[in-house]
Amino acid sequence: MPATHVIPIPTDIRAYIVTRKDGQERPAHILDRRANEVYVHYIGLDKRLDEWISESDCRPASRQDSLEPHVAASGAEGTVNRKRKRGLTPTGHSPTPSTPYDLEGLHEDVVVMTEEDYDIQHHKQITAKRNFDWVHFGEWKIKTWYFSPYPLIETEIDEPGAANAPKIPGVARVTARSHGRTSDLLAGGLGRHGAGEKAMLWVCDFCFKYMAEPMSYEVHKKHCDLTHPPGKKVYQRGAHIIWEVDGAAHKLYCQNLALFGKLFIDVKTLFFDCDNFLFYILTDATSTADHMIGFFSKEKVSYDDYNLACIMTLPPYQRKGYGMLLIEFSYELSRRSGKVGTPERPLSDLGLRSYLAYWVATLIRFFRRVLSVLPPEQPYMSAIGNFPDLTRVRSPSGELEENGNSNGSGHTSVTPASTINGNNGISSVGPSKKRKSRAKGWDGEADPIGLGIIPASTLDDPLFTTQRSFDSISRPDGGAETHVSVRCTLADIARATNLRIEDTAFALNECGLLTRRLARRQDGNGNGKEREDTEEPSNGQFDGETMVVITRQRVEEVAQERRVKKTCIDLAHVLLPERVGPDS
């Protein structure tokens, strides 16, 4: 029988109503107290929004306060088997509460747990509150999001703050020389002088060495000789470079990088054992140095084919496409290694939002390519002598076949979009007006196409290159309309886009592309007839064969709703061989 611990812990599980700076009221739990201030966690919101507030802005919740919408958003939380001193059931477990908050006040819980649960609860208790509120990183002063287990340094051993650290049941007083247990190590940052809102960490923006005093930081900056990450370049476009750093070859650098990243990553658990990981660091070059923008890490050997373990973009550089560039590069690494990758789970709320945006954008670009009669970047085509052969617009390598014979007796030519006046290949009538040149892209490059599409060279599946159906319908004016269609499975789409099937299905469902269905039903004579099902059956199952219909019109609607843009990565600037072997 595993060893158990019985520990009485006073717990404040009351819900409070906090009046925020914008005037809105939000339910919260109080995690810590100090003079005239409380540290609160808002119910239903991420831990990165936890903060110190004035105690006067917080009042106990009453029965009249509506907390249910916020509680529902918070989701189910993990609990341990708790036995209260009152109201015990015959089995020894507390009754199931109707809500995860309490309005009655303080309780002293008797917690019975195994050794493993004991360590987990210690970890949760320790990491519930940020140990640093600000980090000085290069030219930036950044507000931190989460706890990071920076160990106490030598100068902090004898500081009064370390002796007066908050007492945690089962965790002895720690110093820089007593890191025998993980819980002791994690507790190291709790007793720092000035911990809480006024705690400041100083981190070198080149080697990620951390310091507790600004004077130590200034001295270090004068002697730090690093000007870029200690690895090799794997991507370079203009001033933006991605470096590959081996965790086994540069242990201290990667350990410090992992500790720094934990300030902005909640679910990261690996800090010191970095030998099996590769780190890909995105930097912005100046005339003298390369400054870190963000990074992601991945296992060297992943039996689940995960292509990313964790990802972080510095808050000053967020919402500028850098995180998407890193995600796209991780999938490019998987493609070049002949694998279908996916990020490790669980995903944070921001991680899920970013990956959903990538999956949806990848599928939209794919559908734009497949459901186009002409390639999106070639909006005009002419033929002499015969009807143009649409199957010979591009060669198998993806290059344009201009002025090529359509069937041996005709002449076909195509015109690139860049040679047609106007936006996206729309011809303009009359004299062209001079437009002020405007730098676009990260290195002043203009997008000649202006469409978020997938390159034709990436569609190597014969199903989408040779088996598309082109149907032409005549018009009264003598012209004709040509429509393209293709029948495929979900696995075909996932294979063509290099996405996991489950990720593909999730993205299609989230963006609303699975709502239109055609069901094939048998009539009395045994013949199959197709008709559109506008509503899902009451039993949740369709009779017979069911197909999902995705139209180009619906694809464009989703593209507008999701604001799909062109890819951030330019494959021409990847500094890796096209096929990366497992031992390379």
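See the structure above.
What you see is a predicted model; the values in this text were computed from it and never measured.

**Quick word on the overall build of the protein chain**
Within the protein chain, the regular secondary structure consists of twelve helices and 26 strands. Across the 584 residues in the protein chain, those meeting the buried criterion constitute 41%. Sequence-distant contacts, at least 24 apart, represent 61% of the contacts inside the protein chain between residues at least 6 apart. Of the accessible surface of the protein chain, which amounts to about 32,500 Å², a share of 51% is contributed by carbon and sulfur atoms.

**Quick look at the pattern of salt bridges**
According to the stated counting rule, one finds 25 salt bridges in the structure shown. The closest approach of N and O atoms between Lys 47 and Asp 266, which form a salt bridge, is 3.2 Å. Linking Lys 47 in the loop between strand S4 (37-42) and strand S5 (51-54) with Asp 266 in the loop between helix H6 (251-262) and strand S15 (277-285), this pair joins segments that are 219 residues apart in sequence. Overall, Lys 47 belongs to the partly exposed group, its relative accessible area being 25%. Where Arg 500 meets Glu 502, a salt bridge forms, and the shortest distance between an N and an O atom there is 3.7 Å.

**Description of the side chain of Ser 148**
Within the secondary structure, Ser 148 is located in the loop between strand S10 (140-143) and helix H3 (160-163). On the accessibility criterion, Ser 148 (0% relative accessible area) is buried. One polar contact links the side chain of Ser 148 to the main-chain carbonyl oxygen of Leu 259, over a distance of 2.6 Å. Among all residues touching Ser 148, those that are not within four sequence positions of it are Asn 131, Leu 259, Lys 262 and Leu 263.

**What about unusual backbone geometry?**
Following Arg 345, the chain continues to Pro 346 via a peptide bond in cis, the omega torsion being 5 degrees. One non-glycine residue, Asn 36, lies in positive phi territory at about 60 degrees. Along the chain, Asn 36 falls in the loop between strand S3 (25-34) and S4. Positioned with a positive phi, Phe 208 is a non-glycine residue whose angle comes to about 65 degrees. Checked against the element boundaries, Phe 208 lands in the loop between strand S11 (200-203) and strand S12 (210-211). Its relative accessible area of 1% is what places Phe 208 among the buried residues.

**Description of helix H11 (residues 501-510)**
Every α-helix carries 3.6 residues per turn, so stepping three or four residues along brings you back to the same face. Every buried residue of H11 is accounted for by Asp 503, Thr 504, Ala 507 and Leu 508. Along the axis of H11, the buried positions cluster into a sector of 130 degrees, meaning they face one direction only. Along its buried surface, H11 packs onto helix H7 (322-336), strand S19 (342-343), helix H8 (349-370) and helix H10 (490-497). Positive backbone phi, at 85 degrees, marks Gly 512, one or two positions downstream of H11.

**Some remarks on the sheet that holds strand S9 (residues 134-137)**
Pairing in this open sheet of four strands is mixed, and the strands run S10-S9-S11-S12 from one edge to the other. Each edge of the open sheet carries a strand with a single partner, namely S10 and S12. The sheet contact formed by S11 and S12 spans two bridges and is antiparallel. Note that in S12 the partner of Val 203 across the bridge is Tyr 210.

**Here we look at the pairing of strand S22 (residues 469-474)**
Pairing between S22 and strand S23 (residues 480-485): six bridges, direction antiparallel. From the neighbouring strand, Phe 470 faces S23, where its bridge partner is Val 484. In sequence, S22 turns back onto S23 through a hairpin of five residues, with Gly 478 there showing a positive phi of about 95 degrees.

**So, the sheet that holds S4**
Hydrogen bonding along the main chain pairs the strands of a sheet, whether they run parallel or antiparallel. Within the open sheet, the five strands sit side by side as S5-S4-S3-S2-S6. Their pairing is antiparallel. Every other strand in the sheet has two partners, leaving S5 and strand S6 (58-60) as the edge strands with one partner each. Strand-to-strand twist of the sheet, defined as the mean angle between neighbouring strand axes without regard to direction, takes the value 50 degrees. Relative to S4, S3 runs antiparallel, the two sharing six bridges.

**Quick notes on a positive patch on the surface**
Positive charge collects at one region of the surface, where Arg 319, Arg 353, Arg 563 and Lys 565 lie side by side. Looking at where Arg 563 falls in the secondary structure, it is placed in the segment after helix H12 (552-562). Using a relative accessible area of 69% as the deciding quantity, one classes Arg 563 as exposed.

Cut-offs used in this document
Residues numbered from 1 in each chain as written. Predicted model: local features only at pLDDT ≥ 70, side-chain atom pairs only at ≥ 80, totals over all residues. Heavy atoms only, no water. Helix = DSSP H or I, 4+ residues; strand = E, 2+ residues; numbered from the N terminus. Buried < 20%, exposed > 50% of the residue type's maximum accessible area, 1.4 Å probe, protein only. Contact = heavy atoms within 4.5 Å. Areas by Shrake-Rupley, 256 points an atom, 1.4 Å probe, with all protein chains shown as cover. Salt bridge = Lys/Arg side-chain N within 4 Å of Asp/Glu carboxyl O. Polar contact = N/O pair within 3.5 Å; in protein donor to acceptor, adjacent residues only side chain to side chain. Arc of directions from axis to C-beta. Pairing = 2+ DSSP bridges. Axes fitted to C-alpha atoms, helices over the stretch in contact; angles between N-to-C directions. Patch = residues over 30% accessible without salt bridge, like charges linked within 9 Å, V, L, I, M, F, W, Y side chains within 5 Å. Lys, Arg positive; Asp, Glu negative; His and termini not counted. Charge placed at Lys NZ, Arg CZ, Asp CG, Glu CD.

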